[in-house]
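What follows is each chain in one-letter form.
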Amino acid sequence: MNQGVKKEGKYNYIEIGEGTPIVVLHGLMGGLSNFEGVANYFSEKGYKIIIPELPIYTQSILKTNVKAFARYVKDFITYKGFERVILLGNSLGGHIALYHTKMYPEKMLGLIITGSSGLYESAMGDSYPRRGDYDYIQKKAEAVFYDPKIATKEIVDEVYAMANDRIKLIKTLTIAKSAIRHNMAKDLPKMFVPTGIIWGENDTVTPPEVANEFHKLMPNSSLYWIEKCGHAAMMERPNEFNKAMEEWLKKVDL
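Attention in this report is confined to the structure presented alongside it. (Residues numbered from 1 in each chain as written. Predicted model: local features only at pLDDT ≥ 70, side-chain atom pairs only at ≥ 80, totals over all residues. Heavy atoms only, no water.)

Brief notes about the nonpolar core
Point 1. Counting 39 residues, the largest nonpolar core has Leu 25, Leu 87, Ile 96, Leu 98, Leu 111, Leu 188 and Phe 214 as its most contacted members.
Point 2. Within the residue set of this core, elements represented by two or more residues are strand S2 (11-16), strand S3 (20-25), helix H2 (66-80), strand S5 (85-90), helix H3 (92-103), strand S6 (108-114), strand S7 (195-200) and helix H7 (208-217).
Point 3. For this core, the element with the most residues is H2, which contributes seven residues.
Point 4. Other than its neighbours up to four places away in sequence, Leu 87 contacts Val 23, Leu 25, Val 73, Ile 77, Ala 97, His 100, Met 108, Gly 110, Leu 111 and Ile 112.
Point 5. Among the nonpolar cores identified, the runner-up in size contains 35 residues, and Phe 35, Leu 88, Ala 141 and Leu 249 belong to it. (Core = buried A, V, L, I, M, F, W, Y, C linked by side-chain atoms within 4.5 Å. Buried < 20%, exposed > 50% of the residue type's maximum accessible area, 1.4 Å probe, protein only. Helix = DSSP H or I, 4+ residues; strand = E, 2+ residues; numbered from the N terminus. Contact = heavy atoms within 4.5 Å.)

Some remarks on unusual backbone geometry
Point 1. In this structure, Ser 91 is a non-glycine residue whose phi angle is positive, near 60 degrees.
Point 2. In this structure, Ser 91 sits in the loop between S5 and H3.
Point 3. By relative accessible area, which is 10% here, Ser 91 ends up buried.
Point 4. The residue Lys 228 is not glycine, and still its phi comes out positive at about 50 degrees.
Point 5. Topologically, Lys 228 is positioned in the loop between strand S8 (221-226) and helix H8 (233-236).

Digging into the packing of aromatic side chains
Point 1. Within this structure, the stated rule accounts for eight aromatic pairs.
Point 2. Look at Tyr 11 and Tyr 79: their rings are 5.0 Å apart centre to centre, the planes differ by 40 degrees, and that puts the pair in the tilted class. Here the residue Tyr 11 occupies a position in strand S2, and Tyr 79 occupies one in helix H2, the gap between them amounting to 68 residues.
Point 3. Feature note: the residues Tyr 11, Tyr 13, Tyr 72, Phe 76 and Tyr 79 constitute an aromatic cluster, connected by ring pairs. (Phe/Tyr/Trp six-rings, centres within 6.5 Å; stacked < 30°, edge-to-face > 60°.)

Given below as structure tokens:
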């Protein structure tokens, strides 16, 4: 993905390809590059892939919550002039996509979630990063993946820097509390947007039973499993993830 990040007003984003818009939402510790495999593949398949940088650490503390981020996504979609979009979200990004779907169903063509929070209270991590403890943070980063080698030094360094930035740490805790407060269990049965649920069989952050629960509660959902895969399937098993996503897109004719 050789696209540079576009900076327009308050928005920073990557855009690649032409066709039906797929807006991709990264997670709390995720970056735009996490979806490189998705962007490269589907931009060649008749889709426009747009990956906005979410203002996780740049908005005021009052706007550091799932609902405010969902509004930000809606404003971005309006800014881009898209009538309706497919939203794809991982982890916190999945939760934001779900909340956006609840608030603005008229903007939605379809929804894809992977390793999403929104149901499981420990989805933001069962313990918060310890400042100054690099080994601990490395172990936590490695636990996100089935193959710990996916947690490169660059990824660990990013998490370590966040844990040692007081403001970012406060906002991380604020988001974790917001994720618990904005539990989606009662909303999901009323959400009829076609939904693809793509999950790593070895996800320890949002375990497989979370995916099963999403599937059970969402009336128009399809569930796909990826073997030997943790919490960030699109990073760890990009080919298998793309295959499942393509299968779902064909199934629901999007």
